[in-house]
Amino acid sequence: MNNQAMPMANNSSNTKIQYLQRQAASLLLYQSVLQGEVGIAFLELLQAIRYTDADARGCLQAYGYYFHALAASNQNWEDYIITQILFCDNPFTKLAQQQKFKDLSPALLAAVGHDLQVLQSLYECSSAYLSEWVQNVAHLPISPVVWYEEPKKLGRESKFAAYLQELDNWGDAVEELAAYYRQYGSGLFAQYRAFRWQAGEFIGIPYPDPIKLSTLVGYESQRDALLKNTEFLLSGELALHVLLYGSRGSGKSSLVKSLLHEYSDYPLCLLEVAKSDLKDLPEIVEHLRGVPQKFIVFVDDLSFEEDDDAFKALKVVLEGNLTARPQNVVVYATSNRRHLIREFFVDRPAPKDNDEIHAWDTMQEKLSFSDRFGLTLTFEPANQKTYLNIIRHLAAQAEINITQEDLEYQALQWATRHNGRSGRTARQFIDFLKADLKLFHGANENTSTTENAN
């Protein structure tokens, strides 16, 4: 990389600043890099310190906004540039995921090479240089504080940053960058692994449920079947849509959510879609077609009412239509009901005038809707043996140090007084017991300290 020192004399620094502004304005595809809070603050700071007779107060305010934006993002300027390049959504990043590099337009590749060279020049304009320029323009005795955060290890992002730092010319990284997008995607999908569909758009979830597969006990055959199907998805095979149904609190939802952590080294994403948004499911699936990630569309607590539009939309996705089903998307739904469409006695056909002739066929279609899932996993209510097995497993993980007899007695009492025997009840009991024992030991330690002091 070109690490020539930035000129510090007023006239030459003004020339350099104006050059950087022209460079930033010339971006062809990666304009979004400078459209976030940090990028805007950077451009406004350049404008404020552009002239030697600039207003000192305005320069200091602009530098303060820039410093604040970096601190809020918890990134150095250099790290910000790299992550914005990798997460950017533009025609190149999208086409690079779908086409071979040799098939991409030469004009598109030339534009990317140009933009990377521009971004390299902005990358080299460090916060330390900006601080010194502000000092010169505002005639300060010392330069303003420079924001610096120790670079974090960000996995693939840090590896790509190290690769760029070895290059003298970032314009030579176009093919490598295309390969990155092809493997990891771009935009929101490259930034997060968990999402929800809300108000017609994907929303990234920065802190997904941390539940892990190792904490789930009692339904091993169901777990193994779900893992095998998920591995079909990850390997590029046609995986089955899955319905997990059974008693409440048995861990159906937790099992699905734990897949995100179980396969953290794979391009697996979890997309939560509320029942009220299932009408958008065909549109959602089309958005996901062609991206490199594998998606589990997670629908929790599924059931339908009569003539529900969500029923029709899900049916299209499960059964397909003239559009080929994308192999990178599968639906995992949980329900407490085996028959997903609510049925009332009045719905059952009786021979009356003006009734539908084939009413039984209609009713059977509704009742058999769950059969449209390729794989159905049943979660029976936990008996006492299973419940205590879960309790012992969770207690060992939480390092709860009481006798097994006392543990089981309290666990059974808890189940009687609360929500019955289930994995959810077991987790709630262990969480309560752990906090209670910690509080008890803490109180004893404080008492002992007070007595010793006296």
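Residues numbered from 1 in each chain as written. Predicted model: local features only at pLDDT ≥ 70, side-chain atom pairs only at ≥ 80, totals over all residues. Heavy atoms only, no water.

A. The overall build of the protein chain, seen in detail. Within the protein chain one finds 18 helices and seven strands. Within the protein chain, the fraction of its 454 residues that count as buried is 43%. Restricting the contact set of the protein chain to residue pairs at least 6 apart, pairs at least 24 apart contribute 80%. If you sum the accessible surface of the protein chain, you get close to 24,300 Å²; carbon and sulfur atoms cover 50% of it. (Helix = DSSP H or I, 4+ residues; strand = E, 2+ residues; numbered from the N terminus. Buried < 20%, exposed > 50% of the residue type's maximum accessible area, 1.4 Å probe, protein only. Contact = heavy atoms within 4.5 Å. Areas by Shrake-Rupley, 256 points an atom, 1.4 Å probe, with all protein chains shown as cover.)

B. Here's a closer look at the confidence of the model for the protein chain. For the protein chain, per-residue confidence averages 84 on the pLDDT scale, and 83% of positions sit at 70 or higher. When mean pLDDT is compared element by element in the protein chain, helix H6 (residues 106-123) scores highest at 97, while helix H15 (residues 359-367) scores lowest at 44. Across residues 1-9, confidence stays below pLDDT 50; counting only partners more than four residues off in sequence or on other chains, it has 29 contacts. Note on residues 356-367: pLDDT is under 50 here. Beyond four places in sequence and across chains, it has 12 contacts. (pLDDT = per-residue confidence, 0-100.)

C. Local environment of unusual backbone geometry. Despite not being glycine, Asn 74 has its phi angle at roughly 60 degrees, a positive value. Following the sequence through the fold, Asn 74 ends up in the loop between helix H3 (56-73) and helix H4 (77-87). In the Ramachandran plot, Glu 399 falls in the positive-phi region, its phi being about 55 degrees despite a non-glycine side chain. Along the chain, Glu 399 turns up in the loop between helix H16 (384-397) and helix H17 (404-417).

D. Fine view of the nonpolar core. With 59 residues, the main nonpolar core has Tyr 30, Trp 77, Phe 92 and Trp 170 as its most contacted residues. Tallying contributions element by element places H6 first for this core, with nine residues. Those residues within four positions of Tyr 30 in sequence are excluded, and the remaining contacts are Ile 85, Cys 88, Asn 90, Phe 92, Thr 93, Val 112, Asp 115, Leu 119, Leu 177 and Tyr 181. Within the second largest apolar cluster, 26 residues are counted, among which are Trp 197, Ile 284, Leu 288 and Val 299. (Core = buried A, V, L, I, M, F, W, Y, C linked by side-chain atoms within 4.5 Å.)

E. Spatial organisation of the pattern of salt bridges. Summed over the entire model, instances satisfying the criterion amount to seven salt bridges. Notably, a salt bridge pairs Arg 196 with Glu 272, separated by 3.8 Å at the nearest N-O pair. Linking Arg 196 in strand S1 (residues 194-198) with Glu 272 in strand S4 (residues 268-272), this pair joins segments that are 76 residues apart in sequence. Judged by relative accessible area, which is 30%, Arg 196 ranks as partly exposed. (Salt bridge = Lys/Arg side-chain N within 4 Å of Asp/Glu carboxyl O.)

F. Molecular detail of the layout of surface pockets. Roughly 570 Å³ of internal volume is contained in the second largest pocket. Residue lining of the second largest pocket: 30 residues in total, with Gly 249, Ser 250, Gly 251, Lys 252 and Ser 254 positioned closest to the centre. Here the lining of the second largest pocket gets five residues from one element, more than from any other, and that element is helix H12 (residues 252-262). (1 Å grid on protein atoms, 1.4 Å probe; cavity = no way out; pocket = protein on both sides within 12 Å on 5 of 7 lines; lining within 4 Å. Points joined across faces, edges and corners; volume = space filled by probe spheres on them.)

G. Examining the packing of aromatic side chains more closely. One pass over the structure, following the stated rule, counts 22 aromatic pairs. By way of ring pairs, the aromatic residues Phe 92, Phe 160, Tyr 163, Tyr 180, Tyr 181 and Tyr 184 are connected into one cluster. (Phe/Tyr/Trp six-rings, centres within 6.5 Å; stacked < 30°, edge-to-face > 60°.)

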